[in-house]
Amino acid sequence: MNAAQHVRLYNILIGSMKTQAIHVAAELGLADVLAAGQRDIDELARETHADRAALFRLMRALCSLGLFSERDGKYSISLLGESLRRDVPGSLRPFALLLGGDAWWRAWGALGQSVRTGQAAFDATHGRGYFEYLAGDADERKRFHEFLASVAAMNAAAIIEAYSFAACRRIVDVGGGEGNLLSHILATVPAARGVLLDLPGTVPRPEALPAAVRDRFELIAGDFFQSVPSGGDCYLLQQVLHDWSDDKALAILARCREAMSSGARLLIVDAVIEPGNQPSFNKFTDLHMMVLSNGGRERTLPEFQQLLARAGLTFERVIPTSTAFSILESRR
């Protein structure tokens, strides 16, 4: 046995323990408390309503991960730990709450069932699909939308940096949720107008949109499996196709193609699984889609190209961004 590799695998295996420790740190708001200044363990326990001795042991573990540090009995937050604060752009606190929370945690515990059956573990462990679960659980729905919003600004900045929307005049965001990406794009392209399509109950109220771009928004409650608004010169599908099987993804792409003019462009913003054996965040988000949905998946570039060709769309190029997502540009 190679001792170094043994230790390496051991550290991989305790990853779930690290996830739960960080989840509890997020629940207690430790990063927010320490952002206001150093605290000793008594102060931390009092402010987070935690047991002093148990919190000390948790903090010792979290310090070993580099989230916090302890010196002379005083705890402070590290640069890494800043990402767990509620008020920082791109905060990972909502992700920590979801990843270690009951809904996702129980489903991931049944990963083996997904592998054996090809069916979503979430459905088996919770008796319904994840989106049905969200509809019936206000707390989980709130956490999920906070997670989407927390990464929206960072993702939007990366997308805008990688792709120029300067020539776009009518941008249609298909399945655009609360309009975070479209709002950021319109803020950088004053001549453009935006159309946001999503399901009734998901499309935001006009007053919820940023005031600076509100008058350039058209909000449409509809179903992208049925139709997509026409007249756009740029169509966006951000993290939409990964929720669906190939057949469902083809139906969405077909509706987009029907709406597009000959000069329009379709931009798919999604994870693209890298070839080879190198470590990859996207290969694990693919497993996450397998656990949470029936048919949802991340795709390789050839798989995206095949989908586009089957939908009557011509692949143009793939543009990497500074995040885990890439932009795949295509036309009719």
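Here the residue index of a chain counts from 1 through its sequence in written order. Per-residue local features are limited, in this predicted model, to residues with pLDDT of at least 70; the limit for side-chain atom pairs, both in listing and counting, is 80 or more; totals at the level of whole chains, interfaces and linings are taken over all residues. Where side-chain values are given, they derive from all heavy atoms of the structure, hydrogens and water being excluded.

Undergrad: Help me understand the packing of helix H2 (residues 15-28) against helix H5 (residues 52-64), please; the structure alone is not making it clear to me.
TA: A pair of packed helices is captured by two measures, namely the crossing angle of their axes and the spacing between those axes. With axes taken as lines fitted to C-alpha atoms, and helix axes fitted only over the stretch in contact, angles between N-to-C directions fall between 0 and 180 degrees. Starting at the N terminus, helices and strands are each numbered in turn, a helix being any DSSP run of H or I of at least four residues and a strand any DSSP run of E of at least two. Relative orientation of the contacting elements H2 and H5 amounts to 120 degrees, with a least axis distance of 10 Å. Of the possible angle classes, the one that applies to H2 and H5 is oblique. Crossing of H2 against H5: the hand is left-handed. From H2, Ala21, Ile22, Val24, Ala25 and Leu28 reach across to H5, where they touch Leu55, Leu58 and Leu62. The scheme is simple: roughly parallel for angles under 35 degrees, roughly antiparallel for over 145, roughly perpendicular for 65 to 115, oblique for anything else. In a left-handed crossing the near helix is turned counterclockwise from the far helix by less than a right angle, and in a right-handed crossing that turn is clockwise. Residue contacts are counted whenever heavy atoms from the two residues lie within 4.5 Å of one another.

Undergrad: I would appreciate a short explanation of helix H11 (residues 138-162) in the present structure.
TA: The α-helix advances 3.6 residues per turn, and as a result positions three or four apart in sequence lie on the same side. In this scheme, a helix's expected span is set at 1.5 Å multiplied by one less than its residue total. Counted at 1.5 Å a residue, the expected span for H11 with its 25 residues is 36 Å, and the 35 Å between its end C-alpha atoms agrees. For H11, the principal kink sits at Ala152 and spans about 35 degrees. Here the term buried applies to any residue with accessible area under 20% of the maximum for its type, exposed to any over 50%, and partly exposed to those in between, with areas from a 1.4 Å probe on protein chains only. Residues Glu140, Phe144, Phe147, Ser150, Val151, Ala152, Asn155, Ala156, Ala158 and Ile159 constitute the buried set of H11. Identification of polar contacts relies on pairs of N or O atoms within 3.5 Å, with a donor-acceptor requirement for protein atoms, meaning one able to donate a hydrogen and the other able to accept it, and with residues adjacent in sequence counted only if both atoms are side-chain atoms. The opening residue of H11 is Asp137, an N-cap whose side-chain oxygen sits 3.1 Å from the backbone nitrogen of Asp139. The reported bend at a residue is simply the angle between two axes, fitted to the 7 residues ending at it and to the 7 residues beginning with it.

Undergrad: Please explain the state of the cysteines as it appears in this structure.
TA: Simply put, the disulfide is a covalent bond whose two ends are the sulfur atoms of two cysteines. A pair of sulfur atoms, both from cysteines and within 2.5 Å, is called a disulfide here. Going through the model one piece at a time under the given rule, you end up with zero disulfides. Here Cys168 is not cross-linked by a disulfide; its sulfur's nearest cysteine counterpart is in Cys234, at 4.1 Å. In this structure Cys256 is a free cysteine whose sulfur lies 11 Å from that of Cys234, the closest cysteine sulfur available.

Undergrad: Teacher, can you tell me more about the pairing of strand E8 (residues 265-273) here?
TA: Successive side chains on a regular strand alternate, one facing one side of the sheet and the next facing the other. For E8, the tally of buried residues reaches eight of nine residues, placing the bulk of the element in the interior. By convention, orient the strands away from the viewer: a clockwise path from the first strand over the helix to the second makes the crossover right-handed. Remark: the strand E7 (residues 234-238)/helix H13 (residues 246-259)/E8 crossover connection has right-handed handedness. Inspection of the sheet shows E8 paired to strand E11 (residues 325-331) by seven bridges, in the antiparallel sense. For Asp270, the partnering residue across the bridge sits in E11 and is Ser326. If DSSP finds at least two bridges between two strands, the strands pair.

Undergrad: How should the packing of aromatic side chains be read in this particular structure?
TA: The way to describe two aromatic rings as a pair is by their centre distance and the angle between their planes. Only rings of Phe, Tyr and Trp enter the pairing, Trp through its six-membered ring, and a pair is recorded when the two centres are within 6.5 Å. The plane angle decides the type: under 30 degrees is stacked, over 60 is edge-to-face, the rest tilted. Evaluation of the coordinates by the stated rule reveals 13 aromatic pairs. Aromatic rings pair up to connect Phe95, Trp104, Phe122, Tyr130, Phe131, Tyr133, Phe144 and Phe147 into one cluster. The ring of Phe225 carries Lys248 above its face, with NZ or CZ at 5.7 Å from the centroid. Remark: a charge is flagged as sitting over a ring if the NZ atom of Lys or the CZ atom of Arg is within 6 Å of the ring centre and within 35 degrees of the ring normal.

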